[in-house]
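Read off the chains here:
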Amino acid sequence: MELADIDAVLFDMDGTLVDSDAAVERAWEQWAAEYAVVPAAALAIAHGRPADQTIRRLLPALDDAAVAVAAARQLALQYDDLSDVSPTTGAHELLTTLARLGMPWAVVTSADARLAEARLGAAGIEPPVLVTVEDVRAGKPDPEGYLRAAALLDVPPTRCLVVEDAEVGLQAGRAAGALTAALKGLDGDLRLVDLTQLADGLASAPTAR
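The rules behind each value
Residues numbered from 1 in each chain as written. Predicted model: local features only at pLDDT ≥ 70, side-chain atom pairs only at ≥ 80, totals over all residues. Heavy atoms only, no water. Buried < 20%, exposed > 50% of the residue type's maximum accessible area, 1.4 Å probe, protein only. Helix = DSSP H or I, 4+ residues; strand = E, 2+ residues; numbered from the N terminus. Pairing = 2+ DSSP bridges. Right-handed = clockwise from strand over helix to strand, strands pointing away.

Overview of the pairing of strand E7 (residues 179-182)
A regular strand places its side chains on the two faces of the sheet in alternate fashion. Here E7 shows two buried faces, one formed by Leu-179 and Ala-181 and the other by Thr-180 and Ala-182. Pairing of strand E6 (residues 160-164) with E7, which is carried by four bridges, proceeds in the parallel orientation. Paired with Glu-164 across the strands is Ala-182, a residue of E7. Handedness of the crossover joining E6 and E7 through helix H8 (residues 167-176): right-handed. The pairing of E7 with strand E8 (residues 190-191) spans two bridges and is parallel. Each bridged residue has a counterpart across the sheet, and for Ala-181 the counterpart in E8 is Leu-190.

Notes on the pairing of strand E4 (residues 105-108)
Both faces of E4 are covered, namely the face carrying Trp-105 and Val-107 and the face carrying Ala-106 and Val-108. Sheet topology places strand E1 (residues 8-11) next to E4; three bridges connect them, and they run parallel. Along E4, the bridge assignment pairs Phe-11 with Val-107. Summarising the sheet, E4 and strand E5 (residues 130-131) pair through two bridges and their orientation is parallel. Across the sheet, residue Val-107 finds its bridge partner in E5, namely Leu-130. A crossover links E4 with its parallel partner E5, the connecting element being helix H6 (residues 113-122), and its sense is right-handed.

Spelled out as structure tokens, the structure:
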């Protein structure tokens with residue numbers, strides 16, 4: 001599949017459309033200190049996953065209720081930490097290109113709605129469709145979020161491009177049957193330095209609208 005075959009773009013949020021890596025890391029480091037977890041162990045697996053999935057892997061002895069409390073605490077550490085949250089390089093250029101092409105897009109994130117809206121707002125991004133961890137039964141790497149976003153846009157998943165900066169998200173995109181575009185040196189159907197590269201590619205695709 002080539003970019004000319006794409007009818008919609010499905011974005012991850014943190015690290016993809018929104019530069020929030022520092023805030024994410026600060027929250028996990030603080031949480032790890034409170035729960036006696038080695039911070040590096042948390043950071044190694046947390047990116048792109050719902051908090052409860054990460055906590056279950058880090059603290060397998062916790063029961064469901066304790067996991068829920070720990071996940072709520074982790075999210076609470078992130079809600080108001082927006083001081084250095086900003087759009088990623090090329091994000092607004094890419095969204096302008098999609099608008100010009102008349103190509104629908106959505107955001108699919110492992111954050112909850114409160115956090116997603118706060119970070120997207122800080123970056124000046126208003127997605128037409130937002131799928132959060134609260135909208136699905138299974139988070140990434142399960143494909144449910146991307147399948148839901150494709151359905152809401154009324155575009156077959158096989159005609160969607162999933163843009164991600166985490167391996168679990170790329171796994172979700174592949175499982176949904178979508179083409180994948182990978183940032184941060186990860187391996188996808190397309191490998192991107194930044195979103196400007198994708199904006200240029202879509203603008204010059206043979207069937208650009």
